[in-house]
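Structure at a glance
Below, each chain spelled out in residue letters.
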Amino acid sequence: NWAYELMRLHGLDFSSAFKGKIPRAEIYQPVDWQGFIAATLLPLTVKQILRARLPVLERLQKEIMQSPHQEDWVVSHRDLTLENILWQGTKPQWLDWEWAGYINPLTECMACLFNGGIIDRKLEMPFAVAFMQAYGMTCNASECHQAFYAVMTNWLNWLGGALTRLTQEELSAAEKAHWEKQAFITLQLLDKERF
């Protein structure tokens, strides 16, 4: 199961692979969403959905800034989406280690629930707590909410990065199409029914 395999992944020693240069987890820097809406280079389709998601983005940003930061860290993948896992029977093969580095294990468990499609809608707290217990971790609702905001930190950081790239003049057509797609996908995930 996902939780057991993730627990095994977190137990691996990656120190030799990184040669002492392990990336730290990202700390959230507030994004000026209104500034992106006003940016002349941002495609109109992205501006429209960004404007529609603005209340959700501003609320999540405020809640992230008020939530405590997690302290315990493991070295892991940090981008466990369905596209980055190849299953061989019941064993996962973790692909695309580009974002590997330090992460709180509870945060990565929560990311698996959302990014892996296990939780499809709102944060289902009993299910999240049960998943953490299958991982071997005891957590309460408060800790699960803290992990949820850490996952949202990653999503908003990714969205801010995509929007920043879209406002750069020197982008090729292929790069622009790529980052527009990334912004659109992330904004679709952040719909108000879900959050």
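Above this text is the structure in question.
Residues numbered from 1 in each chain as written. Predicted model: local features only at pLDDT ≥ 70, side-chain atom pairs only at ≥ 80, totals over all residues. Heavy atoms only, no water.

Digging into the pairing of strand β3 (residues 91-94)
- Side chains Pro-92 and Trp-94 of β3 all project onto a buried face; the interleaved residues Lys-91 and Gln-93 project onto a face where none is buried.
- Judged from the 4 bridges that link them, strand β2 (residues 85-88) and β3 form a sheet pairing that is antiparallel. Residue pairing across strands places Trp-87 opposite Pro-92, the latter belonging to β3.
- The hairpin formed by β2 and β3 contains 2 residues between the paired strands, and Gly-89 there has a positive phi angle of roughly 70°. (Buried < 20%, exposed > 50% of the residue type's maximum accessible area, 1.4 Å probe, protein only. Helix = DSSP H or I, 4+ residues; strand = E, 2+ residues; numbered from the N terminus. Pairing = 2+ DSSP bridges.)

Examining the pattern of salt bridges
- The final tally for this structure, using the stated rule, is 1 salt bridge.
- Across the pair Arg-59 and Glu-63 runs a salt bridge, and its minimum N-O distance is 3.4 Å. Linking Arg-59 with Glu-63, this pair stays in helix α4 (residues 44-66), spanning 4 residues, or about one helical turn. (Salt bridge = Lys/Arg side-chain N within 4 Å of Asp/Glu carboxyl O.)

Thoughts on the side chain of Asn-84
- Mapped onto the fold, Asn-84 is located in the loop between β1 (74-76) and β2.
- On the basis of relative accessibility, which here comes to 7%, the residue Asn-84 falls in the buried class.
- Within the local environment of Asn-84, its side chain forms a polar contact with the backbone oxygen of Asp-79, the two atoms lying 2.8 Å apart.
- The contacts of Asn-84, once residues within four sequence positions are left out, are His-77, Asp-79, Gln-93, Trp-94, Leu-95 and Asp-96. (Polar contact = N/O pair within 3.5 Å; in protein donor to acceptor, adjacent residues only side chain to side chain. Contact = heavy atoms within 4.5 Å.)

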